[in-house]
Amino acid sequence: MAPAAATGGARIFCCMRNLVLPLPAISTVSYIFGAALLALSVLSIMTGRELDARTFQHHWGPPPTWLLDRRSMLNFPSKEDTTVPEIKDAMVDTAAPENLVDTAVEETVVTDPQKSLQILLQKVPAEWNTSLQHVWSVENAEFYYGCSEPTANFSMGPNAESNGYLVIDASGGLNQQRTGITDAVVVAKLLNATLVVPRLDHTSYWKDRSNFSDIFDINWFIESVASDINVIKEPSPILEPLAEQLRRGLRVPRKANATYYLNKILPLLKKRHALRLSKFDYRLSNRLDLDWQRLRCRTNYKALQFTKNIQDMGQKLVDRIRVKSRHFIALHLRYELDMLAFSGCYYGGGEKEVIELGRIRKRWKTLHNHNAEKARRNGKCPLTPKEVGLMLRALGYGEDSYLYVASGEVYNGDVSLAPLKALFPNFLTKDTLATKEELEPFMEFSSRMAALDYIVCSKSDVFVANNNGNMARILAGQRRFNGHRRTIRPNVKKLNNLFPLFDTMPWENFAAQVQEIQKGFMGDPMEVTPGQGQFHENPLQCICEKPEAKEMLAKLRSHVDTIGGGNMVSNIEEAKLSGSEFFKGHTEILADEEEEDDDLPMIIEEYQSKAGEGDFILEKDKDTDLANNEGKSGT
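Residues numbered from 1 in each chain as written. Predicted model: local features only at pLDDT ≥ 70, side-chain atom pairs only at ≥ 80, totals over all residues. Heavy atoms only, no water.

A.B. asks: Account for the state of the cysteines, with residues named and values stated.
C.D. replies: If you walk through the whole model with that rule in mind, you get three disulfides. Here C147 pairs with C544 through a disulfide, and the sulfurs are 2.0 Å apart. Negative torsions about the S-S bond denote left-handed disulfides, and the value of about 80° found for C147 with C544 makes this one right-handed. Pair noted here: C147 is in the loop between β1 (144–146) and β2 (165–170) and C544 is in strand β13 (residues 543–545), with a separation of 397 residues, a long-range link. This pair shows no difference in class: C147 is buried, exactly as C544 is. Each sulfur in the disulfide pair C345 and C381 lies 1.8 Å from the other. The chirality of the disulfide connecting C345 with C381 is left-handed, given an S-S dihedral of about -90°. (Disulfide = S-S within 2.5 Å. Helix = DSSP H or I, 4+ residues; strand = E, 2+ residues; numbered from the N terminus. Buried < 20%, exposed > 50% of the residue type's maximum accessible area, 1.4 Å probe, protein only.)

A.B. asks: I'd like a description of the environment of V167, backed by residues and values.
C.D. replies: Relative to the helices and strands, V167 is located in strand β2. Its relative accessible area of 0% is what places V167 among the buried residues. In the structure, V167 is positioned 108 residues away from L275 in sequence and 6.1 Å away in space, judged by C-alpha atoms. Those residues within four positions of V167 in sequence are excluded, and the remaining contacts are V196, R199, L246, L275, R276 and L277. (Contact = heavy atoms within 4.5 Å.)

A.B. asks: Give a detailed account of the packing of aromatic side chains, specifying residues and quantitative values.
C.D. replies: The final tally for this structure, using the stated rule, is 13 aromatic pairs. Between the aromatic rings of F212 and F216, the centroid separation amounts to 5.2 Å while the plane-to-plane angle is 45°, which identifies the pairing as tilted. F216 shares its class with F212; the two are buried. Considering the side-chain rings of F212 and F221, the 5.1 Å spacing of their centres and the 55° angle between planes classify their relative orientation as tilted. There is no split in this pair, since F212 and F221 are both buried. Feature note: the residues F212, F216, F221, F306 and Y454 constitute an aromatic cluster, connected by ring pairs. Of note, K123 hangs over the ring of F502, and the distance from its end group to the ring centre comes to 4.2 Å. The ring of F424 carries R393 above its face, with NZ or CZ at 5.9 Å from the centroid. (Phe/Tyr/Trp six-rings, centres within 6.5 Å; stacked < 30°, edge-to-face > 60°. Lys NZ or Arg CZ within 6 Å of the ring centre and 35° of its normal.)

A.B. asks: So, the side chain of R479: which residues are in play, and what are the values?
C.D. replies: If you trace the backbone, R479 turns up in helix α22 (residues 470–481). One buried charged residue, R479, remains without a salt bridge, the closest side chain of opposite sign being D461 at 7.3 Å. Here C457 takes part through its backbone oxygen, which lies 2.8 Å from a polar atom of the side chain of R479. (Lys, Arg positive; Asp, Glu negative; His and termini not counted. Salt bridge = Lys/Arg side-chain N within 4 Å of Asp/Glu carboxyl O. Polar contact = N/O pair within 3.5 Å; in protein donor to acceptor, adjacent residues only side chain to side chain.)

A.B. asks: Give me the lowdown on the pattern of salt bridges, citing residues and values where you can.
C.D. replies: As a working rule, side chains carrying opposite charge can pair if their charged atoms are close by. According to the stated counting rule, one finds 20 salt bridges in the structure shown. Taking the shortest distance from any N to any O, the salt bridge between R334 and D338 comes out at 3.3 Å. Take R334: its relative accessible area is 10%, and that puts it in the buried class. Classification of D338 as buried rests on a relative accessible area of 8%. By sharing partners, the salt bridges in this structure join K316, R320 and E438 into a single network.

What follows is the structure, given as structure tokens:
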């Protein structure tokens with residue numbers, strides 16, 4: 001029985017084996033395929049970490065090892081070859097092979113700060129010849145002048161009968177408020193309203209308790225705009241019966257055009273006799289007709305003057321710099337904690353930086369998942385103080401140049417500023433130029449301190465803006481209006497591709513590339529095309545040519561056209577001088593082409609400006625009956 005049983009068992013086993021024979025074959029293929037996928041995944045992860053390490057090393061040296069183990073925290077991609085073509089072409093003869101470049105970068109990573117500064121100064125010559133002929137001045141600036149006078153067709157003076165009283169809550173910091181005040185005058189003129197002296201924001205990030213009269217010369221302001229609108233001060237017995245109407249504000253959409261105000265806001269003003277427009281910053285379109293833009297210029301550049309004590313202290317700072325040097329540079333650094341946190345970028349501070357900046361980003365839902373390396377490649381990261389210093393030295397400003405730095409509390413303080421101070425030993429700030437006693441009246445008020453910086457920057461020979469925020473834009477526009485003083489905007493997107501190569505290329509090549517990259521970003525008269533950027537930055541309607549310069553400028557434009565620059569600027573200038581309708585048509589064409597509103601400093605200041613509680617927010621894209629909404633909302 002035993003053999004038979006064994007034979008039977010073998011037969012059953014063979015049958016079973018025949019039944020399941022296909023299954024092991026499928027399983028084997030699956031195992032092989034799965035193992036291959038696993039091997040590829042491991043290889044991909046290892047390669048990605050290696051590329052991340054190279055990305056960090058090119059910018060900052062070796063990163064903290066735990067960052068590479070927690071890749072998802074920073075969401076850094078592997079580095080792509082994003083070098084601009086101009087830089088690539090210049091690097092053909094000087095760049096080492098990839099394996100040698102990595103080795104060179106590793107060898108130049110120095111942990112001793114003093115040693116790093118010594119290496120930096122050994123590479124950067126004290127003086128450097130530049131292809132830029134006008135380092136301290138702007139070529140052809142003498143052919144232009146600021147023109148804010150209205151044309152003969154513009155209705156001057158306020159109408160005898162006002163449609164009501166307009167109260168404006170100007171939000172944000174000093175320069176954000178300045179844009180709101182400027183636009184408030186235009187809106188009051190548009191609505192034929194009596195403007196109440198604008199109220200300034202006391203509740204936002206800056207916590208400044210200053211009123212209008214603490215910062216601006218209120219009497220000068222009222223007198224200066226009297227030819228266009230009526231302005232009254234608060235408190236006023238006229239407004240007492242209207243207190244309930246002004247209790248809650250209306251929020252107008254950003255960049256609303258003139259038609260919106262006439263169709264939506266004017267009927268409400270006539271009905272209620274008084275309106276309060278809250279959080280009034282950038283609530284008026286950049287695209288207005290010529291005379292309305294010039295009203296903006298008259299207000300911003302002439303009517304808004306700082307109080308005497310601010311003016312005197314600011315001028316004192318300028319005079320003290322001029323005693324030291326005939327020329328000086330003013331830099332709006334904007335390298336504070338909030339700026340770096342909102343940028344979503346990594347600046348080489350290791351675990352400490354990631355934790356500190358991450359803590360701030362978590363306050364806003366959309367900010368703590370930024371792709372740091374992508375932001376840098378796309379030009380969203382402000383230059384570091386060291387990078388700003390290298391750019392200026394490459395542009396021809398020697399180590400003997402005097403540099404005034406307008407800034408809040410710089411992140412990492414002296415550690416961050418050390419390379420900039422080494423490159424520019426004549427390093428100046430408000431604190432180095434004035435005594436504590438002199439600054440004491442301003443110290444507790446951020447807007448008044450910012451006003452001092454504004455005065456120095458506006459009167460500098462060269463102004464450098466390391467951001468595209470409100471102060472940078474308004475100063476750029478004012479400097480154009482007042483004679484096209486040299487105003488440098490870093491071409492951040494291309495410079496961020498160049499700086500990682502600094503350690504591996506000769507200074508001559510690096511400097512030549514910086515000068516090439518910065519063409520069109522130096523504040524020259526004809527570098528801005530119509531429709532580009534904010535009006536406050538590029539007030540083209542308020543800049544005219546001198547008639548005697550027409551022949552010379554025609555030759556210059558002919559040269560620009562020959563090399564592909566086009567003649568749009570020529571047409572615009574001729575239209576402004578001749579009073580033709582070209583400019584009006586141009587603004588109508590661009591009416592729906594508002595510029596991008598995602599500039600980082602603007603986003604920061606928008607977050608930092610709190611909304612007024614209980615404000616009724618008007619919607620731009622819906623044809624809403626505001627009178628009905630007013631009743632429903634209880635305003």
